[in-house]
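Topology and contacts: notes
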Amino acid sequence: PCTIIETPPMVVVGVVGYVETPRGLRALKTVYAEHISDECKRRFYKNWYRAKKKAMSTTSKRWKDEAGRATVEADFNQMKKYCKIIRVICHTQVTDELMCWWGG
């Protein structure tokens, strides 16, 4: 059997690796994408209009140089080695959904 689910357009923002402990799951590593749109960053703030909009600024800088890319690669390797569960952080593309709804 196959299940087909119709979803709005989605984008992968990051990856979280979890380790099993006696008390439950614990997040080991989180790796975010290099480019994160403003519509995703808005979800991390309570008041977007008053915020300094600095969310994910340090994580995006990790992708710029070779040393940062090496740390990201090391994080992925550590997740592959130790994590039992790996989950993807996604968000919907509201602007694309509205364009489809308006027939654009």
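See above for the structure.
The text that follows walks through the structure, step by step, so that each part is easy to find.

Reading the values: rules and limits
Within each chain, residue numbers correspond to sequence positions counted from 1 in written order. Local features in this predicted model are restricted to residues of pLDDT 70 or higher, and side-chain atom pairs are both shown and tallied only at a pLDDT of 80 or more, whereas totals for entire chains, interfaces and linings draw on every residue. Only hydrogens and water are removed before side-chain values are computed, so all heavy atoms of the structure are retained for them. Whether two strands pair comes down to DSSP finding at least two bridges between them. Only DSSP runs of H or I reaching four residues or more are called helices, and only runs of E reaching two or more are called strands; each is numbered from the N terminus. Only C-alpha atoms enter the line fits that serve as axes; for helices the fit covers just the stretch in contact. Angles between N-to-C directions range over 0 to 180 degrees. Note on contacts: a residue pair is in contact if any heavy atoms of the two residues lie within 4.5 Å. Each patch is built from salt-bridge-free residues with over 30% relative accessible area, joining like charges within 9 Å and nonpolar side chains (Val, Leu, Ile, Met, Phe, Trp, Tyr) within 5 Å. We get accessible surface area from the Shrake-Rupley algorithm with a probe of 1.4 Å; when it comes to residues, only the shown protein chains can shield them. Salt bridges are identified by distance alone: a Lys or Arg side-chain nitrogen within 4 Å of an Asp or Glu carboxyl oxygen. Neither His nor the chain ends contribute to the count of charged residues, in which Lys and Arg are positive and Asp and Glu negative. By convention, the charge on Lys lies at NZ, on Arg at CZ, on Asp at CG and on Glu at CD. With a 1.4 Å probe rolled over the protein chains alone, any residue whose accessible area is under 20% of its type maximum counts as buried; one over 50% counts as exposed, and the rest are partly exposed.

What about the pairing of strand β2 (residues 24-32)?
- Bridging between strand β1 (residues 10-21) and β2 involves eight bridges; their strand directions are antiparallel. By the bridge assignment for β2, valine 16 is matched with threonine 30.
- Taken together, β1 and the strand that follows it, β2, pair antiparallel across an intervening segment of two residues.

Overview of the pairing of β1
- Strand direction decides the pairing type here: β1 and strand β3 (residues 85-92), joined by eight bridges, are antiparallel. Bridging from a neighbouring strand, methionine 10 pairs with threonine 92 of β3.

Thoughts on the sheet that holds β1
- Spatially, the three strands line up as an open sheet ordered β2-β1-β3, and their pairing is antiparallel. Pairing within the sheet leaves two strands with one partner each, and these edge strands are β2 and β3. Within the sheet, the average angular offset between the axes of one strand and its neighbour, ignoring direction, is 30°.
- Sheet strands touched by helix α3 (residues 66-82): β1, β2 and β3. Its angle to β2, the strand with the most contacts, is close to 155°.

Brief notes about a positive patch on the surface
- A cluster of basic side chains, namely Lys52, Lys54, Lys61 and Lys64, defines a positive patch on the protein surface.
- What makes lysine 54 exposed here is its relative accessible area of 54%.

A short note on the environment of valine 11
- On the secondary structure map, valine 11 appears in strand β1.
- Ignoring any residue separated from it by four or fewer positions in sequence, one finds valine 11 in contact with Ile89, Cys90, His91 and Gln93.

Points about the environment of histidine 91
- Within the fold, histidine 91 resides in strand β3.
- Along the backbone, histidine 91 and threonine 30 are 61 residues apart, and their C-alpha atoms lie at a distance of 16 Å.

A few points about the environment of isoleucine 5
- Along the chain, isoleucine 5 falls in the segment before β1.
- Since its relative accessible area comes to 64%, isoleucine 5 is described here as exposed.
- For isoleucine 5 and valine 94, which are 89 residues apart along the polypeptide, the C-alpha to C-alpha distance reads 18 Å.

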